[in-house]
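Coordinate inspection notes
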Amino acid sequence: EDKVVQSPLSLVVHEGDTVTLNCSYEVTNFRSLLWYKQEKKAPTFLFMLTSSGIEKKSGRLSSILDKKELFSILNITATQTGDSAVYLCAVPNSGGSNYKLTFGKGTLLTVNP
Amino acid sequence: GAGVSQSPSNKVTEKGKDVELRCDPISGHTALYWYRQSLGQGLEFLIYFQGNSAPDKSGLPSDRFSAERTGGSVSTLTIQRTQQEDSAVYLCASSPRQGLTYEQYFGPGTRLTVT
């Protein structure tokens, strides 16, 4: 069974801090790893990672994958209060039904002014 | 353009009653997904519709749960004889095609509370 574990479960920082969120996974047949940001209810897509060691970057957010050690990190630099959200990591199902995503429980990030 | 919409946004129901949750996907999207998110848990896959193919119902937790998609567009998730453990946020997502899971666009969800 595919498994995704995120850490920490919650994190409180001050504006301007840099944070690193972790996601480790166990899948039989790795295809990709996805990061989502969930504010209120609807998750929004951030990154998809397929290749090890190649950083994906969007503004202050960046993410990298280590396929050997089976984990990914999401970095947020110069955090702002608008970054407060739950950050979800997910992997597509190992079997033929790759539309199924297995999600971690998420990291709740709170950025205080 | 319009995103995925869901209704109602909140629903409070008594244990034992039936509920219907609605999802309007993005126009033209052929794939539609339902997920459940219980308090402190990640999203749990429930069901997947793709075009006219038979849906993948493998994530439905019990036979009290059913879903349909009419005309390849709007979908309804029905929970019969609701139980307190059904309380959760139910999220719908759609994508323009099969296989590209990162292209799932999520709706705002329905928060279901069973008292």
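Check the entry above for the structure.
Because the structure is predicted, anything quoted here is derived from the model rather than measured.

Looking at the largest pocket, its volume works out to about 480 Å³. Looking at the largest pocket, it is lined by 22 residues, and the ones nearest its centre are Q37, S38, L39, G40 and Q41 of chain B. Every element with two or more residues in the lining of the largest pocket is listed here: β4 (33–39), β9 (85–92) and β11 (107–112) of chain A together with β8 (88–95) and β10 (110–114) of chain B. At three residues, β10 of chain B tops the list of elements feeding residues into the lining of the largest pocket. Among the residues forming the lining of the largest pocket, the class breakdown is eight nonpolar, nine polar and five charged. Within this model, the second largest pocket holds a volume of roughly 370 Å³. Around the second largest pocket, the lining is made up of 16 residues, and of these E1, D2, K3, T102 and F103 of chain A lie nearest the centre.

Residues and elements named next belong to chain B. Counting buried residues along β8, eight of its eight residues qualify, which places the element largely inside the surrounding structure. Burial of β8 is two-sided: the residues A88, Y90, C92 and S94 facing one way and the residues V89, L91, A93 and S95 facing the other way are all buried. In this sheet, β8 lies alongside strand β4 (residues 31–37) in antiparallel orientation, the contact comprising seven bridges. The residue bridging W34 from the neighbouring strand is C92, located in β8. Two elements, β8 and β10, share three bridges in a ladder whose sense is antiparallel. Considered in β10, the bridge of V89 is made with R111.

All names here are of chain B. Only one face of strand β6 (residues 65–69) is covered, namely the one carrying F65, A67 and R69; the face carrying S66 and E68 has none of its residues buried. Pairing of β6 with strand β7 (residues 75–79), which is carried by five bridges, proceeds in the antiparallel orientation. When the bridges of β7 are listed, A67 appears paired with L77. Taking the residues between adjacent antiparallel strands as the criterion, β6 and β7 are bridged by five residues, where G71 takes a positive phi near 60°.

The subject of this paragraph is the interface of chain B and chain A. With 24 residues of chain B at the interface, the matching set in chain A holds 18 residues. With both sides pooled, the region where chain B packs onto chain A buries about 1,700 Å², and carbon together with sulfur makes up 59% of that total. Taking the shortest distance from any N to any O, the salt bridge between K100 of chain A and D56 of chain B comes out at 3.6 Å. Breaking the side of chain B that touches chain A down by element, the ones donating at least two residues are β4, β5 (43–50) and β8 of chain B. Residues that form the side of chain B that touches chain A fall into these classes: ten nonpolar, twelve polar and two charged.

About the cut-offs
- Residues numbered from 1 in each chain as written.
- Chains lettered and ligands numbered in written order.
- Predicted model: local features only at pLDDT ≥ 70, side-chain atom pairs only at ≥ 80, totals over all residues.
- Heavy atoms only, no water.
- 1 Å grid on protein atoms, 1.4 Å probe; cavity = no way out; pocket = protein on both sides within 12 Å on 5 of 7 lines; lining within 4 Å.
- Points joined across faces, edges and corners; volume = space filled by probe spheres on them.
- Helix = DSSP H or I, 4+ residues; strand = E, 2+ residues; numbered from the N terminus.
- Nonpolar A, V, L, I, M, F, W, Y, C, P; charged D, E, K, R; others polar.
- Buried < 20%, exposed > 50% of the residue type's maximum accessible area, 1.4 Å probe, protein only.
- Pairing = 2+ DSSP bridges.
- Contact = heavy atoms within 4.5 Å.
- Buried area = accessible area lost by both parts, 1.4 Å probe.
- Salt bridge = Lys/Arg side-chain N within 4 Å of Asp/Glu carboxyl O.

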